[in-house]
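# Architecture at a glance
Chain by chain, the residues run as shown.
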Amino acid sequence: FLKLNRHYLYSVMIRQIFLILIPLLIFVGHTEAQQQKRVSTHLLAQTLQKGKVINAEADLFFEFPSGQIIMYNQLPEEFVFISNPLGESRLYQPKQKKMTIKASEVLTSRNNNLYYFLLNQTYDLGFKELGFTIAGSENDGDVFVTTWQAPLHLLHQVDKIELVHENLLPIYAGYTNTNGEIVLKVYFDNFVQVYDSQIPALITEIAFLPEGDSLIKRMVYSDFRFGSDCDPDKFIVNIPDDVKIIK
């Protein structure tokens, strides 16, 4: 879902990295002032398409207020991916002894599924920063439904987003195109508390592709650690001096 146009292998790795979230959109904006906060978690991501399941596993390390995310990917390939809110990224492949450096809004750490949950920005998941406006809202039984209208420059990707909250937490986001067709469904489940944040330990995405097929992604987060329980060494990536740099 991330639109990378160069180096196919690199793009495949990026998809493994973000196996996420609220794809289709590029999250940009300012970094809120806050106290130092470190969080780590293990991710098992499973993608199902055309009867085939692709598994990916990684350990993620979040640091705020810098907004930097370090991902240590184990499966299907070993690499380290570092990104920040500005979209500055480094992909280090230790076996190949090379590091790819790129800068793109697509690669911003804000595109990670858990980013806005850790910022406690669950009321809009960053939609307002993207230029979305509220088109309507209503109570529907035990849930509160807000419809967000996309700005003109994003209409080629999405027209409206229906965001559903239960007990003040987002549990569902439905994306429709300008034809009124649902193109993406995202479900947030199994919330756990990390610091003062409620984080979904299970995120499921169902993307409806133009050719009529669907793509299902299931992201399971476990072993949440924060503060001094995080491994401090993992927040520093030691890259050899003789590594080959690719830009």
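Residues numbered from 1 in each chain as written. Predicted model: local features only at pLDDT ≥ 70, side-chain atom pairs only at ≥ 80, totals over all residues. Heavy atoms only, no water.

In terms of regular secondary structure, the protein is built from two helices and 14 strands. Looking at the 247 residues of the protein, the share that counts as buried comes to 49%. For the protein, the proportion of contacts with a sequence separation of at least 24, taken over those separated by at least 6, is 50%. As presented, the protein carries roughly 12,300 Å² of accessible surface, and 52% of it is formed by carbon and sulfur atoms. (Helix = DSSP H or I, 4+ residues; strand = E, 2+ residues; numbered from the N terminus. Buried < 20%, exposed > 50% of the residue type's maximum accessible area, 1.4 Å probe, protein only. Contact = heavy atoms within 4.5 Å. Areas by Shrake-Rupley, 256 points an atom, 1.4 Å probe, with all protein chains shown as cover.)

Phe62, Phe127, Phe132, Ile161 and Tyr175 are the most contacted members of the largest nonpolar core, which totals 43 residues. Counting residues in hydrophobic clusters, the runner-up holds 11 residues, among them Val80, Ile82, Phe235 and Val243. (Core = buried A, V, L, I, M, F, W, Y, C linked by side-chain atoms within 4.5 Å.)

Right, let's get into the pattern of salt bridges. Two side chains with opposite charge may pair up if their charged atoms get near one another. Per the counting criterion, the structure on display carries four salt bridges. A salt bridge links Glu63 to Arg38; the nearest nitrogen and oxygen atoms lie 2.9 Å apart. In this pair, Glu63 is assigned in strand β2 (residues 52–64) and Arg38 in strand β1 (residues 37–49), connecting sequence segments 25 residues apart. We classify Arg38 as partly exposed; its relative accessible area is 24%. (Salt bridge = Lys/Arg side-chain N within 4 Å of Asp/Glu carboxyl O.)

With that out of the way, let us pick up the pairing of β1. Relative to β2, β1 is paired through 13 bridges, and the arrangement is antiparallel. By the bridge assignment for β2, Leu48 is matched with Val53. Counting the residues that bridge the hairpin from β1 to β2 gives two residues, and of these Lys50 lies at a positive phi of roughly 55°. For β1 and strand β13 (residues 214–226), the ladder comprises nine bridges, and the chain directions are antiparallel. Counterpart to Leu48 in the pairing with β13 is Ile216. (Pairing = 2+ DSSP bridges.)

A word on the confidence of the model for the protein. Any residue range with low pLDDT should be treated as having predicted coordinates unsuitable for detailed reading. Per-residue confidence for the protein gives a mean pLDDT of 86, with 86% of residues at or over 70. Ranking the elements of the protein by mean pLDDT puts helix α1 (residues 8–18) last with 43 and strand β9 (residues 160–166) first with 98. (pLDDT = per-residue confidence, 0-100.)

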